[in-house]
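Tertiary structure, described
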Amino acid sequence: MNIIVCLKQVPDTETQIKIAPEGKSIVKDDIKWVMNPYDEFGVEEALKLKEKFGGEVTVVGLGPKRVTESIRTALAMGADKGILINDDALEGSDSFATAKALATAIKDLDYDLIFTGQRGVDDDMGVVGASIAEFLGIPQLSVIVKMEVAEDGKSLTAHRPVEGQVLVIESSLPALVTTQKGLNEPRYATLPGIMKAKRKPLEEKTLADLGLDPAQFGEGGRKVKILEITPPPKRTEGKIVEGETPQEKAAGLAKLLHEEAKIF
Amino acid sequence: MAPGVWTIVEQRDGEIRKITYEIVSEGRRLADELGQKLTVVLLGSDIKDKATELGHYGADRVLVADDPRLGTYTTGAYVSVISQLAKAEEPAMILMGASSQGKDLSARLSARMGAGMAQDCTAFSLEDGNLVAIRPTYAGKAYEKVTFEDSWPQMATARPNVMSIAEPDTSRSAEVVDASFNLEDSAVMTKVVEVRKDESGKIDLTEADKIVSGGRGMKGPENYKILEDLAEVIGATVGASRSAVDAGWRPHSDQVGQTGKVVSPNLYIACGISGAIQHLAGMSTSKVIVAINKDEEAPIFQKADYGVVGDLFEVVPALTEEVKKYL
Ligand SMILES: Cc1cc2nc3c(=O)[nH]c(=O)nc-3n(C[C@H](O)[C@H](O)[C@H](O)COP(=O)(O)OP(=O)(O)OC[C@H]3O[C@@H](n4cnc5c(N)ncnc54)[C@H](O)[C@@H]3O)c2cc1C
Ligand SMILES: Nc1ncnc2c1ncn2[C@@H]1O[C@H](COP(=O)(O)O)[C@@H](O)[C@H]1O
């Protein structure tokens, strides 16, 4: 069973976001970059499947050179090889263009399953996975918390929680799964794993290598154009509910929720 | 590009879901401002009778795709049908809810249409006839204002519970049109083999009007009873922080935050939750935020409209009694 895991590098979730002076992007210096947390679930699930069915796990990332570090982390966890799509012309690409480049790189690989995260914790889009599946013409199973591949390796059953329900969905392979928390507990890279990762193959590809036209990527190729990035809207200053006892405080809060916030 | 605003209906077991009314109301507003028609696309099995109600909420036209294979949502079938209809009619915009279904559908549909897509938006407006959307990014630490360039149709989804629902007007009626489409079995691709309903009758956090959430300050799973009591009285759904979920006190599906659910209720009560940035990411678009925490320095108080500094084990039961006076 050959498995592809798409890996996006994102700012660590603790990062303070600073908006660049031009007001259309964020300041990228001083950011600690990590693997998108959802992609860790993808790596883990791929490794578990490999342990059961054999085959290879290939990690594919798109972004600048620094993404190599996150790919190496996945290799240290146990993935077999990495591909980095790196091209200056990609800077500022939107989800559509990103998915196009990833799908083009994946198209020529041998795969039964592809994992992406259900969303990137940076742009909070959740569009790339489904778009890759569309470009490759394979089914997608989104936001999956549990999955099982049939013994013959030809189909899978996956659990997809939706509002108030869990859908049990069946699909043939190849298919693309987007991962959700609950799917598994990602393993940590071990020291021997880290040593080994240094010798695992990591190939770099440019848009030209993929036969793609740079004009369709980057800022210029965006279908969704960013007009402005601003800090979140300010909330009105909150009140601390005063009172001598918990009862008084609770009474004060209930009154405010009734009279001022008009909740009930 | 032809004019016209499209919104996609979300139905389950033939019942229209609340998010549909939010997006139809919003579509109506945009169509009025553009001076264009609002077409509401209704997919399902034996579903045509729902068109009347959609007319009351502002649809000029309801485009009905009726097929047994559209009764239960599958990505493949819905994308196939909607893309055929959209390619035939070329609407300017396609809007839907950022529900589980809407997110899955919009992502794939946008790729099939070759269109740009803005996910999980909190506001829409128009500039020179183009859709402009506001969307939280970096877990709500920044807000993006986006528009669409040389991209057709302009596609976006709206975060549930954020956009308001217009009063239905029973004097309005929509033209009901049978859609013509050709759905190949091979386009369906996946099969829903089982639907496991949450029998608790609990409203999903993403749709809840009120949420009472508990964090590590709850001390243990047995103590959530006091939150459930409050939730029961005010009609809320109980949520949790990641610490509570990781401790095994609550299921994953209860987690609010950056790696959990993004919620926008009218009322969010955080009990024994410190307000870590990753938690705030999931609830910062709530309308009224209440924090109950014994540590007055807890960061949650900076986001709260109302803060109570105190022991939740004393304050929460007292609050449950106090709110009864107003119900
Ligand atoms: C990649 C990543 C993703 C994450 N995603 C999420 C996410 O989706 N959601 C999420 O919630 N977190 C997430 N976290 C975790 C987050 O950083 C915090 O660790 C977590 O939110 C803390 O949970 P808490 O507030 O319940 O616990 P704590 O931070 O331990 O806070 C407990 C609070 O309870 C108060 N308290 C204790 N006893 C009482 C009492 N008797 N009465 C009143 N108050 C009391 C304390 O004063 C304290 O403020 C993520 C972290 C990472 C690294
Ligand atoms: N630049 C990228 N490189 C590799 N994978 C990506 C990239 N962007 C998005 N993905 C994948 O798509 C998922 C969802 O991202 P997004 O659609 O951007 O929210 C991520 O978790 C990744 O698995």
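Summarised in this report is the structure supplied together with it. (Residues numbered from 1 in each chain as written. Chains lettered and ligands numbered in written order. Predicted model: local features only at pLDDT ≥ 70, side-chain atom pairs only at ≥ 80, totals over all residues. Heavy atoms only, no water.)

1. Observations concerning the site of ligand 1
Within the structure, ligand 1 sits among 27 residues, and S241, T259, S274, Q278 and N293 of chain B are positioned closest to it. Near ligand 1, residues from chains A and B are present, making the site a shared one. Between S274 of chain B and ligand 1, the recorded distance is 2.6 Å, taken from a side-chain N or O atom to an oxygen atom. In the model, a nitrogen atom of ligand 1 is placed 2.8 Å from a nitrogen or oxygen of the L312 of chain B main chain. With the chains in place, 81% of the 980 Å² that ligand 1 exposes on its own is no longer accessible. Partitioning the shell around ligand 1 into residue classes produces 5 nonpolar, 16 polar and 6 charged. (Near = heavy atom within 4 Å. Polar contact = N/O pair within 3.5 Å; in protein donor to acceptor, adjacent residues only side chain to side chain. Areas by Shrake-Rupley, 256 points an atom, 1.4 Å probe, with all protein chains shown as cover. Nonpolar A, V, L, I, M, F, W, Y, C, P; charged D, E, K, R; others polar.)

2. Regarding the interface of chain A and chain B
Facing the 75 residues of chain A at the interface are 89 residues of chain B. A per-residue breakdown of the area chain A buries against chain B is headed by E163, K181 and R235 of chain A, which together make up 12% of the total. In this structure, D305 of chain B and R235 of chain A form a salt bridge, with 2.9 Å as the shortest nitrogen-oxygen distance. The interface formed by chain A and chain B holds 46 residue pairs in polar contact (both at pLDDT 80 or more) in total. Mapped onto the side of chain A that touches chain B, the elements with two or more residues apiece are α1 (37-53), α4 (128-136), β7 (140-144), β9 (155-162), β10 (165-172), β13 (224-230), β14 (239-240) and α6 (246-259) of chain A. Each residue belonging to the side of chain A that touches chain B can be placed in one class, and the counts come to 39 nonpolar, 17 polar and 19 charged. (Contact = heavy atoms within 4.5 Å. Buried area = accessible area lost by both parts, 1.4 Å probe. Salt bridge = Lys/Arg side-chain N within 4 Å of Asp/Glu carboxyl O. Helix = DSSP H or I, 4+ residues; strand = E, 2+ residues; numbered from the N terminus.)

3. Observations concerning the sheet that holds strand β8 (residues 146-149) of chain A
Strand order across the open sheet formed by 4 strands is β8(A)-β9(A)-β10(A)-β13(B), with antiparallel pairing between neighbours. Every interior strand has two partners, whereas the edge strands, β8 of chain A together with β13 (190-197) of chain B, have only one. Strand-to-strand twist across the sheet, computed as the mean angle between neighbouring axes with direction ignored, equals 20 degrees. Bridge count for β9 of chain A against β10 of chain A is 8 bridges, and the pairing is antiparallel. (Pairing = 2+ DSSP bridges. Axes fitted to C-alpha atoms, helices over the stretch in contact; angles between N-to-C directions.)

4. What about α6 of chain A?
Taking 1.5 Å of rise per residue, the 14 residues of α6 of chain A would be expected to cover 20 Å, and the 20 Å separating its terminal C-alpha atoms lies within 8% of that figure. Here α6 of chain A has its buried residues at K249, A250, L253, A254 and L257 of chain A. For α6 of chain A, the angular spread of the buried residues around the axis is 135 degrees, confining them to a single face. Next to the buried residues of α6 of chain A lie β16 (267-271), β17 (288-293), β18 (306-309) and α9 (312-324) of chain B. (Expected span 1.5 Å × (residues − 1). Buried < 20%, exposed > 50% of the residue type's maximum accessible area, 1.4 Å probe, protein only. Arc of directions from axis to C-beta.)

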